[in-house]
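# Observations on the three-dimensional arrangement
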Amino acid sequence: MPNLEHPAYPAATLLRLESLVPCRESQVSMLLSIFGERQQFTFPSIFIYGHKSSGKTYVMQTLLNTLQLPHVFVNCVEYFTSRLLLEEILIQLQNCSSETKHASRMLCDTFNDFVRLFKQAVASQDLQDQTLYIVLDRAEQLREMEANILPAFLRLQELTDRNVTVVLLSEIVWELFRPSTGCFEPFTLYFPDYSIGHLQKILSHNHPPEYSADFYAAYINILLGVFYMVCRDLKELQHLAALNFSKYCEPVVRGEANERDTRKLWKNIEPHLKKAMQTVYLREISSSQWERLQCADGEPGQLKGLSAHAHVELPYYSKFLLIAAYLASYNPVRTDKRFFLKHHGKIKKTSFMKKHEKVLVDYRQTIDNRTSNHLLGPKPFPLDRLLAILYSIVDNRVAPTANIFSQITSLVTLQLLSLVGHNDQLDGPRYKCTVSLDFIRAIARTVNFDIIKYLYDFL
Amino acid sequence: MSTCSVSKGCFVFKPSPKKRRVSPKTAEYFKEANNDSEDSGLRFATCQSLWKQIKSETEQVQEELNKQLFDNLVSFLRRSHSEFQEKTTEWTCRMKSREIPTAALVLGVNVTDHDLTFKSLSEVLQNNITPYVALLQAKDCPGIKNLMQKLMGQLMNCCIDVDSSDEEDYVQVSQHRIRCSMTSLISWYENITKKTDSETPSKKRISRHLQSPPVVVIFKDMESFTTKVLQDFIGISSLLPHSVSSLLCIELFQSLSCKEHLSTIIDKLLLTTQFAFKLSEKVLQVLINIFLYHDFSVQNFIKGFQLCIVEHFHSQPLSVLCCQLVEAKKRVNSLSHSQCENIRRLPSFRRYVESQVSEKQIALLTADNFLKEVIQKLLEDLHVYHENYVPVLRCLHVFTSSLPKYPLGKQIRELHCACLENRVWETEEYESSLQLARMLNKSDLVTMLQKCVEIFVSSSGKEFDKVVEKLKEFLAQFQKLEAGACQERGESVSSQKELQKKTDLYHLQKTLLELKESRRSKKLTKFEMLRFEVVDFIDNLVRNYLVPADHKTLHEIMYFNTASALREHLNAAPRIALHTALNNPYCYLKNQALKSDGGSISNKAPDICIVYKLHLECGRLINLVDWLEAFSTVVMAVEGTNEDAAASDQVDDIIHARFIQAVSELELLGFIKPSKQKTDHVARLTWGGC
C-alpha cells in the first residue's frame, strides 16, 4: 500500500486524507504528483473516468477540501445550459474568494465573456499564486452544449493565461468526447471498479457508533454474500446495508444472541435479505414501506408492490385496437389474407409454405425466420391495415367514428402504441405496437380473444 | 386556443377586432328553433336549474370518491416529510441515500376526467400540506430548461398568492429574470420559509401547513414526458449522480376504477326521485356504450347527460312540466290551450283516453279544466311509480347480482335498462334467474332478505310498510326452520342407515331407485316451500312495480328518448359523412335533379362527386389519364350536345381544368396523394366503400 507523501503538504493532512479515501490511494497519489506544489502550473486539463460509484466525485471533493486547494465544483446536469454553467462557475469563484457576497448578478452569455470575467474574478483576489481547480462533474453533458464549450474548457489555462486546471469527471471514455475538429488532449486517468474486498473494506469503514467495527464487518460480509451477485454499486449497497441493519441487530437487542454469535445472526438475517433482494432492491416497494414492514414485522404479502397494479383498464374497442395493432406489428403483411379473410379455404401451414417457398430446404430456414419475428421486435404498419384488422376481429360492425380514431391517439399517448415517423405527417401515419406478449395476452383474455391463434410466430 | 377542426394543422388566430357582438341570449335559442314557443323562458329556467343541481351533485360524488385517495396521499406526504426532518442526524439516515418521496398515482385511461382530479388534488394539497404545489404537463416541457422554467414560475407565483397582502416585492420578479437553476430555487425556498417562520402564524392557512412545508411537484402525464428530461430533473433535485429510479421512494396509489365511478354517478342521477328528468332505455344505452366501448370517461358521460337535458327541454314543449311534483302541479294550472292540445297529442295520453269510458273521453278531449285535473292526478301517479320503482329495482338487483353467471347482468344499470326496455318478467333471462333463485341456499337467502328490508325501510315509498312486514315474517320463519332442522336430520339419517344394511347389489339398486323416485315425488321440505314463497313474493313485487316507463301515461314529459339525435351528436363519423356527401350529394344538396341516383354516375352531380365515384372503382394506384378520360366521358354523356367533341378524342380544356380542380379537392380532403412509384399516378389513401 503506497503511503501518500508529498513535500508540499504536511504529513498529518496527508494521513487524514489517506484515511478518508480507502482503496483509492494510488489514484490520489498520482493526482498529487500531477498537481505538484500549490503555486506550480500543472496540466491544463485532466480527464477522470470510471464506472459509476467508483469514487470519482468523492475522491476529488475530499482531496480538494482536505488540502484546502482553491476550487470550483460544478455538476453539468444541474446547470444544463452553457450560460447557467458559466455563470455558476463565476458565482462560486466570487464566493470562494471574498466572504462578502456580491449582490451583482453577472451576465455571461458566451465563452468570450467568461474568459474576461474569469480574469477579473481571479485578479481581484489572492488566487494568483495558487492553482485554481475547476471540476466539472458529469462532463458528458458538455457535449450537448455549444460546440466550442468543451475545447475551450480544455485549454482554459492558455486562454486565460492564469494558473487554472480544469478537471472533467465522466462515466464514459475520452474517445467519445473527442470532437471531430480536434482539440487539446487532456491527461486521462482511470478509476477502476472496486473489488469485493474493496467494497467490504469501504462499507465496514462507516460503522454505527453503538456497535463494534467487527460486528458490523461481519454483517457487511453477509450482506455482500447475498447482494454481490446482483449489485456492485457501492451506493446501493450502502443504502441496503443501512436499511437492513436494524433487523440484523434484533437478536442482540433482545438478548438472544451476543455479538459474536455469527451463525445465529446469519440464520436470522439471511432469508430477510433474500426477501429484500426481491422487493426493495427492485424498488417494488419503497424503502420507507420496507422500514415500516420491519417495524410491524408483518409479511410483505400484505403490501402490494408496484407491479401488482400493472394491469391497465381499457375501453372495449381500445382493447381490440391494441390487439389489432399487435397483430399488425408482429405478423407479416402477406399473412393477413390467410388470417382474416373468411374464405381462405383449407390453406394450412404446409400448402401455404409450398406456395411461397419452393424448395424444402428453404423450409427450415423459414422456420428460423419465423421464430425471429418476436425477437426482431414490432414492425411499423399503416393506419389502414390496423383498421382493416380491427374490423375483421371485432364481431359486430364498428362504425369508423371519430371515437375510434381518437382512441388510437389515446393509445399513443399512453405509450402503448408509438407513432413512427414525424409527428406532423398528416397522410398515411404509421404506428408500432409497443406492448409485450404477456400484456397483450392478458388483454386478449379479457375480451375472449385467442390471440395466439392469430400470431404467425406461434403457428 | 382551440379550433373546431378535426385535423391537425396550423391555424391562424386573428385577434378579435373589437368586443364580440353581444351574442343572443341562450334563452332566445329555445324560442327560435321551435315555432311553438310555448313557455320557452320557463323551460329554459327549469333546464338551467336542473342542470345546476345535477352538476353540484356530480361534483359532490366526485369529491367523495376521491376523498379516500386524497386522504392517503396527504398522509403519505405528511409522513414522508416528517421522517425526513426528524432523523437527519441518525446514523442510518446518513448512510442511506437520500430518496425523494414519490407517490405514483394511477388514474386509468380516461384522460378527460383527470383534469378535475388534478385540480381538486392540488387544492387539497394547498389547503392541507403546502402552498408550494407545481403542476407540470408533458406538453409544456419538451426539455429540462422548459421544465425548470415552468416549475419556478409556478412555485414563485403561488407564493405570491399566499402572502399577497403584505409582500409586494415578489410580484415584480418577472419570470425571465429568474435564473432557472436549483440554487436559485433553494435560496428562494430558504428565503420564503424564513419569512413564514418569523411571521406570527395568525393566518389560518399557514398554521395548517407544516413547518417548512415541502415542495410538491405533480407530473400530470408521466408517461408522456421524455425520459431524459425526467432523469435529469430527478438527478438535479437530489443532487446525487445515481441511477435514477433508485432515487425515488415510490409508493403507489390507485384511484377508483372508472366503472365504479360511473355506477355511483348513475346511482345518484338516475336511480333517484330527486331529479324529475329521466333517460329512456335507448338513450341510456347509447351513453353507456360510448363509455364502455370508447372512452371510459365519466366526464363525457355527464356531458352527454347534459346534452340530453338540453335536447329534451329544447325539443319537447311539455317539458315545462318536468320538475318537482309540487311545482309541476302548479304549472299544470297555468297551461295554455295549445299546450293542452300538445298533451292530447301525446301517444301515451291517447292510449289512456282510449281506455276510458266515452263520456270521460269527450271531457278529456274538449274541456281543458278537466284535462288539467286529470293531468295532475296522472303526474302524481308517475311520481309514485318512480318512488316505488327504485327500491324494487334495487331489491331485485340484490337477488340477481348474486346468481351464478348473472343472467340479468351484474350491474344495476344493466338491470335498469332491461326493466325500461320491456316487461322484464316476460324475458327469458328473468325466467332463468328466478329458476336460479329457487336454488339459493338459506344463508344467502337470509342475507338477501335482510338487505331488501334495509332498502325498503330507507326508501321513501309509502306502500312498502306491508312489504317490509312480509319480509320480516319470512325472516322469522327462516329462524324457526333452523330450530326445526335437527329433527329432520334425524329422519334422513335413519333412511341412510337402512341403506347401509343392505349389502346385496340387487337390493341396493332397488332401494336407490326407490329413493330417487320418492325424492322426485316427495313433498317439499319446509325450507323449500318457504323459498318458493319468497321467490314468488319477489316476482309479484317485480310485476307490480317494475312496469316499463313507456307504458306509463305522460312518460314523454319526463323521459328523453330521442336516441338518434344523441347518437348523431356524440358519435361523430367524419368519414361516413364525407362518403355520403360525395357518394350521394342529394343527401345534403336536396336538389331534385340529383335524386334519382341508382348507382350510376349522374352528370349533374358536382365534379368532385363524379371524380370520387370514379376513383372508388380503382385500385391503390390510379392512372390520371384513365381517370380523366372516364371523367370526360361521364360529363359529356350528360351534356350530350357536342358528341363530335367526344369523338374527337381531344379533351376539352374546360373539362380538363374541372377535372384538375376536382382531383386537387380530393387530395385536399385526404383521399389521394401523389405517388412516387409511378409518375402519372396518384395513390389512394382509403379503401373499401368508406
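Here the structure is a predicted model, which is why all the values come from computation and not from measurement. (Residues numbered from 1 in each chain as written. Chains lettered and ligands numbered in written order. Predicted model: local features only at pLDDT ≥ 70, side-chain atom pairs only at ≥ 80, totals over all residues. Heavy atoms only, no water.)

## Quick look at the overall build of chain B
The condition is simple: In this text, helices come from DSSP runs of H or I with a minimum length of four residues, and strands from runs of E with a minimum of two, each type numbered from the N-terminal end. Between buried and exposed lies partly exposed: a residue is buried under 20% and exposed over 50% of the maximum accessible area for its type, with that area taken using a 1.4 Å probe on protein chains only. Only the protein chains shown count as cover for residues, and all accessible areas are computed by the Shrake-Rupley method using a 1.4 Å probe.
Along its length, chain B carries 31 helices and 9 strands. Classification of the 690 residues of chain B by burial places 43% in the buried group. When the accessible surface of chain B is split by element, carbon and sulfur atoms take 53% of a total near 38300 Å².

## Brief notes about the overall build of chain A
For the record, the criterion: Contacts are residue-level and defined by heavy atoms, with any inter-residue pair within 4.5 Å sufficient.
When helices and strands are tallied, chain A shows 19 helices and 8 strands. Here chain A holds 459 residues, and the buried ones make up 49% of them. Considering only contacts in chain A between residues 6 or more positions apart, those separated by 24 or more positions represent 70%. Total accessible area on chain A is roughly 22800 Å²; 54% of this is exposed by carbon and sulfur atoms.

## Let's talk about the packing of aromatic side chains
As a reminder of what qualifies: Within 6.5 Å between ring centres, the rings of Phe, Tyr and Trp (the latter by its six-membered ring) count as paired, and their orientation is classed by plane angle as stacked under 30 degrees, edge-to-face over 60, tilted in between.
According to the stated counting rule, one finds 39 aromatic pairs over all chains in the structure shown. Aromatic pair Tyr-316 of chain A and Tyr-293 of chain B: ring centres 4.8 Å apart, planes at 35°, arrangement tilted. Of this pair, Tyr-316 of chain A sits in helix 13 (residues 316-330) while Tyr-293 of chain B sits in helix 11 (residues 281-295), placing the two residues on different chains. Taking relative accessible area as the criterion, Tyr-293 of chain B reaches 25% and is therefore assigned partly exposed. Among the aromatic residues, those joined into a cluster by ring pairs are Tyr-316, Tyr-317, Phe-320, Phe-339, Phe-340, Phe-449 and Tyr-454 of chain A together with Tyr-293 of chain B.

## A closer look at the sheet that holds strand 4 (residues 164-170) of chain A
Residue and element names in this part refer to chain A. To be explicit about the condition: By definition, two strands form a pair when at least two bridges between them are found by DSSP. Axis angles are defined between N-to-C directions and span 0 to 180 degrees, where every axis is a line fitted to C-alpha atoms and, for a helix, only to the segment in contact.
With parallel pairing, the 5 strands of this open sheet are ordered in space as 2-3-4-1-5. In this open sheet, the two strands that pair with only one neighbour each are strand 2 (71-75) and strand 5 (187-191). Each strand of the sheet is rotated relative to its neighbour by a mean of 15°, with strand direction disregarded. In terms of strand pairing, strand 2 meets strand 3 (residues 132-137) through 5 bridges, oriented parallel. Directly across from Asn-75, in strand 3, lies its bridge partner Asp-137. Across the face of the sheet, helix 2 (residues 25-35) comes into contact with strand 1 (45-50), strand 3 and strand 5 while running at roughly 165° to strand 5.

## Some details on the packing of helix 8 (residues 196-205) of chain A against helix 10 (residues 234-254) of chain A
All names here are of chain A. Put simply, the test is: Roughly parallel refers to an angle under 35 degrees, roughly antiparallel to one over 145, roughly perpendicular to one between 65 and 115, and oblique to any angle outside these ranges. Here a crossing is taken to be left-handed if its near helix is turned anticlockwise relative to the far helix by less than a right angle, and right-handed if that turn runs clockwise.
It is the contact of helix 8 with helix 10, at a shortest axis distance of 11 Å, that shows an interaxial angle of 45°. As far as their axial angle goes, helix 10 and helix 8 are oblique. Classified by chirality, the crossing of helix 10 by helix 8 is right-handed. Taking contact as the criterion, the partners of Leu-199, Ile-202 and Leu-203 in helix 8 are, on helix 10, Leu-234, Leu-237 and Gln-238.

## Things to note about the pattern of salt bridges
Residues and elements named next belong to chain A. What counts, and what does not: Salt bridges are identified by distance alone: a Lys or Arg side-chain nitrogen within 4 Å of an Asp or Glu carboxyl oxygen.
Taken as a whole and judged by the stated rule, the model has 19 salt bridges over all chains. The closest approach of N and O atoms between Arg-155 and Glu-158, which form a salt bridge, is 2.7 Å. For Arg-155, a relative accessible area of 31% gives the class partly exposed. What makes Glu-158 exposed here is its relative accessible area of 54%.

## Side note on the nonpolar core
Here is the rule: Put simply, buried Ala, Val, Leu, Ile, Met, Phe, Trp, Tyr and Cys residues joined by side-chain atoms within 4.5 Å make one nonpolar core.
Counting 111 residues, the largest nonpolar core has Leu-279, Phe-349 and Phe-456 of chain B as the members making the most contacts within it. The greatest single-element share of this core, amounting to 15 residues, is contributed by helix 17 (residues 368-400) of chain B. Discounting chain neighbours no more than four positions away, the residues touching Phe-349 of chain B are Ile-343, Arg-344, Leu-364, Leu-371, Leu-378, Thr-553 and Leu-554 of chain B. Core analysis: the next-biggest nonpolar cluster, separate from the first, contains 47 residues, Ile-89 and Val-122 of chain A together with Leu-136 and Ile-144 of chain B among them.

## Here we look at the confidence of the model for chain A
All names here are of chain A. For the record, the criterion: Known as pLDDT, the predictor's confidence for each residue is given on a scale from 0 to 100.
Averaged over all residues, the pLDDT of chain A is 79; the fraction at 70 or higher stands at 81%. A low-confidence stretch, residues 298-304 (pLDDT under 50), is modelled with 9 contacts involving residues beyond four sequence positions or located in other chains. Predicted confidence is poor over residues 346-361, with pLDDT under 50, and the contacts of this stretch with residues over four places away or in other chains come to 17 contacts.

## Remarks on the confidence of the model for chain B
All names here are of chain B. When pLDDT is averaged along chain B, the result is 74, and 68% of the positions lie at 70 or above. Looking at the elements of chain B, mean pLDDT is at its lowest for helix 8 (residues 204-208), recorded as 34, and at its highest for helix 31 (residues 653-669), recorded as 90. Across residues 160-177, confidence stays below pLDDT 50; counting only partners more than four residues off in sequence or on other chains, it has 21 contacts. This stretch, residues 197-211, has a pLDDT under 50; its non-local contacts, to residues over four places away or in other chains, come to 26 contacts. Across the predicted assembly, pTM comes out at 0.71 and ipTM at 0.72.

## Some points on the environment of Asp-140 of chain B
Residue and element names in this part refer to chain B. Position of Asp-140 relative to the elements: it lies in the loop between strand 2 (133-136) and helix 5 (144-162). On the basis of relative accessible area, Asp-140 is assigned to the partly exposed category, the value being 29%. The residues touching Asp-140, leaving out its near neighbours within four places in the chain, are Asn-146 and Lys-150.

## Considerations on the sheet that holds strand 7 (residues 621-623) of chain B
Residue and element names in this part refer to chain B. Taken in spatial order, the 3 strands line up as 7-9-8 in an open sheet, and their pairing is antiparallel. In the strand order of this sheet, the two ends are held by strand 7 and strand 8 (672-674), each with one partner. Sheet twist, expressed as the average angle between the axes of neighbouring strands with direction ignored, equals 35°. Bridge analysis of strand 7 against strand 9 (residues 681-684) gives 3 bridges, and the strand direction is antiparallel. The residue bridging Ile-622 from the neighbouring strand is Val-682, located in strand 9.

## Re the pairing of strand 9 of chain B
Residues and elements named next belong to chain B. Taken together, the 3 bridges between strand 8 and strand 9 define a ladder with antiparallel strand orientation. Along strand 9, the bridge assignment pairs Ile-672 with Arg-684. Turn length for the strand 8-strand 9 hairpin, with the two strands adjacent in sequence and antiparallel, is 6 residues.

## As for the side chain of Gln-339 of chain B
Residue and element names in this part refer to chain B. Put simply, the rule reads: Whenever a nitrogen or oxygen atom comes within 3.5 Å of another N or O atom, the pair is scored as a polar contact, on the condition that within protein one atom can donate a hydrogen and the other can accept it, and that pairs from neighbouring residues in sequence are kept only if both atoms are in side chains.
Note on placement: Gln-339 falls in helix 14 (residues 337-345). Here the side chain of Gln-339 touches Pro-317 through a polar contact of 3.2 Å, landing on its backbone oxygen. A polar contact of 2.9 Å, which involves the side chain of Gln-339, links it to the side chain of Asn-342.

## Examining a negative patch on the surface
Residue and element names in this part refer to chain B. How we decide: Patch membership is restricted to residues that have no salt bridge and whose relative accessible area is over 30%. Joining uses 9 Å for like charges and 5 Å for the nonpolar side chains Val, Leu, Ile, Met, Phe, Trp and Tyr. We score Asp and Glu as negative and Lys and Arg as positive, and we do not count His or the chain ends. The atom standing in for a charge is NZ when the residue is Lys, CZ when it is Arg, CG when it is Asp and CD when it is Glu.
A contiguous patch of negative charge on the surface is contributed by Glu-59, Glu-63, Glu-64 and Glu-123. Ranked by the residues each element gives to the negative patch, the list is headed by helix 2 (residues 40-86), at 3 residues. Its location among the elements puts Glu-59 in helix 2.

## With respect to the side chain of Ser-280 of chain B
All names here are of chain B. For Ser-280, the location among the structural elements is in the loop between strand 5 (278-279) and helix 11. Assessed through its relative accessible area of 13%, Ser-280 is described here as buried. With residues up to four places along the chain from it excluded, the contact list for Ser-280 reads Leu-420, Tyr-559, Phe-560 and Asn-561.

## Describing helix 3 (residues 56-66) of chain A
Taken together, the buried positions of helix 3 of chain A are Lys-56, Val-59, Met-60, Thr-62, Leu-63, Leu-64 and Thr-66 of chain A. Residue Gln-68 of chain A follows helix 3 of chain A closely and has a positive phi angle near 55°.

## A closer look at unusual backbone geometry
All names here are of chain A. Positive phi, normally seen in glycine, also occurs at Ser-53, with a value near 45°. With a phi angle near 55°, Gln-68 is a residue other than glycine that sits in the positive phi range. Within the fold, Gln-68 resides in the loop between helix 3 and strand 2.

## Structural notes on the environment of Leu-234 of chain A
All names here are of chain A. Mapped onto the elements of the fold, Leu-234 is located in helix 10. Taking the C-alpha atoms as reference points, Leu-234 and Ile-202, 32 residues apart in sequence, are found 8.7 Å from one another. Beyond its immediate sequence surroundings of up to four residues, Leu-234 is in contact with Ser-53, Tyr-194, Leu-199, Ile-202 and Leu-203.

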